[in-house]
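# Survey of secondary and tertiary structure
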Amino acid sequence: ATLVAAACLSPASVRSQDRPFEKGDRTRGLIGGVGVGYKPPWAPTESDVAFAAFHPRMGWFVHDRIEMYGEATLFVYYEPALDLSAGAGALAGRYYLRTSGRWIAYIHGGAGLLWTSLDVIEIDRTLNFQHFVGVGWRQNKVRGPRLVFEVRNHHISNAGTAGENLGVNAIVGLAGVEWILK
């Protein structure tokens, strides 16, 4: 009985119960939030933009600390006018800074295509590119939905493929839920 209790309380078994994901696991989730444009000193951004953001996503752990994922993008702009953007952050990834604890921090980034009806000086076509980078925190639970919080820089531009490449930059705060499927 003492041997069984020692095995159950060993650090290895505690670590395996505390680790909510591993290579081969899949994720599904929905996050949403608000984005507000900003004018970085290195970019000639002039327009003020603000929008509601929605991102359904799917991911796959390719390593204990690395998750590759894709997400759809839907922005509903309410500043400067009511407009829409829709697309895909088709290639994205997260690197988890730790693998245990109540909240697990990560850095993430991705890129993809974005259609937009946004009519501002910095966007000179309807089909554009998007890229984003940020930090996030995922709740650590053995099962069930996990809360997710992210802050990201989001950039939209034509990537130099037409006209001037001014682009729009926004800071986006997101919150949502995700499930990890074994």
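Now for a look at the structure at hand. Since this is a predicted model, take the numbers as computed values, not measurements.

With that settled, the discussion passes to the sheet that holds strand E5 (residues 103-116). The pairing of strands in a sheet comes from backbone hydrogen bonds and takes either a parallel or an antiparallel form. On the basis of which strands lie adjacent, the closed barrel formed by 8 strands has the order E1-E2-E3-E4-E5-E6-E7-E8 and antiparallel pairing. Along the sheet, successive strands turn relative to each other by an average axial angle of 25°, direction set aside. Bridge count for strand E1 (residues 26-37) against strand E2 (residues 50-61) is 11 bridges, and the pairing is antiparallel. Note that in E2 the partner of Arg28 across the bridge is Met58.

Okay, the pairing of E1 next. Regular strands have side chains that alternate between both faces of the sheet. Relative to strand E8 (residues 168-181), E1 is paired through 12 bridges, and the arrangement is antiparallel. Residue pairing across strands places Thr27 opposite Ile180, the latter belonging to E8.

So, about the packing of aromatic side chains. Evaluated as defined, the whole model comprises 8 aromatic pairs. Judged by centre distance (4.6 Å) and plane angle (10°), the rings of Phe21 and Phe61 are stacked. Pair noted here: Phe21 is in the loop between helix H2 (11-18) and E1 and Phe61 is in strand E2, with a separation of 40 residues, a long-range link. Residue class for Phe21 comes out buried when judged on its relative accessible area of 0%. When its relative accessible area of 3% is taken as the criterion, Phe61 is described as buried. Members of the aromatic cluster, joined through ring pairs, are Phe21, Phe61, Tyr96 and Tyr106. Geometry around Tyr69 places Arg94 over its ring, the cationic atom sitting 4.7 Å from the centre. Across the ring face of Phe132, the terminal group of Arg152 is positioned such that the distance to the ring centre comes to 4.1 Å.

On to the nonpolar core. Counting 15 residues, the largest nonpolar core has Phe51 and Tyr77 as its most contacted members. Of all elements in the fold, only E2, strand E3 (66-79) and E8 reach the threshold of two or more residues within this core. In terms of residues, this core owes the most to one element, E8, which gives 4 residues. Those residues in contact with Phe51, other than ones at most four positions away along the chain, are Gly33, Val34, Gly35, Phe75, Val76, Tyr77, Tyr78, Ala170 and Val172. Listed in part, the 7 residues of the second largest apolar core include Phe21, Phe61, Tyr96 and Tyr106.

Our next topic: unusual backbone geometry. Cis geometry is found at the peptide bond from Glu79 to Pro80, where omega equals 10°. If you trace the backbone, Pro80 turns up in the loop between E3 and strand E4 (83-96). Positive phi outside glycine occurs at Ala159, with the angle close to 60°. Along the chain, the position of Ala159 falls in the loop between strand E7 (146-157) and E8. Given a relative accessible area of 46%, Ala159 falls into the partly exposed group.

This brings us to the pattern of salt bridges. For the structure on display, the rule yields 12 salt bridges. A salt bridge links Asp25 to Lys182; the nearest nitrogen and oxygen atoms lie 2.9 Å apart. Within this pair, whereas Asp25 is found in the loop between H2 and E1, its partner Lys182 is found in the segment after E8, the two being separated by 157 residues in sequence. A relative accessible area of 3% means that Asp25 is categorised as buried.

Reading the values: the criteria
Residues numbered from 1 in each chain as written. Predicted model: local features only at pLDDT ≥ 70, side-chain atom pairs only at ≥ 80, totals over all residues. Heavy atoms only, no water. Pairing = 2+ DSSP bridges. Helix = DSSP H or I, 4+ residues; strand = E, 2+ residues; numbered from the N terminus. Axes fitted to C-alpha atoms, helices over the stretch in contact; angles between N-to-C directions. Phe/Tyr/Trp six-rings, centres within 6.5 Å; stacked < 30°, edge-to-face > 60°. Buried < 20%, exposed > 50% of the residue type's maximum accessible area, 1.4 Å probe, protein only. Lys NZ or Arg CZ within 6 Å of the ring centre and 35° of its normal. Core = buried A, V, L, I, M, F, W, Y, C linked by side-chain atoms within 4.5 Å. Contact = heavy atoms within 4.5 Å. Salt bridge = Lys/Arg side-chain N within 4 Å of Asp/Glu carboxyl O.

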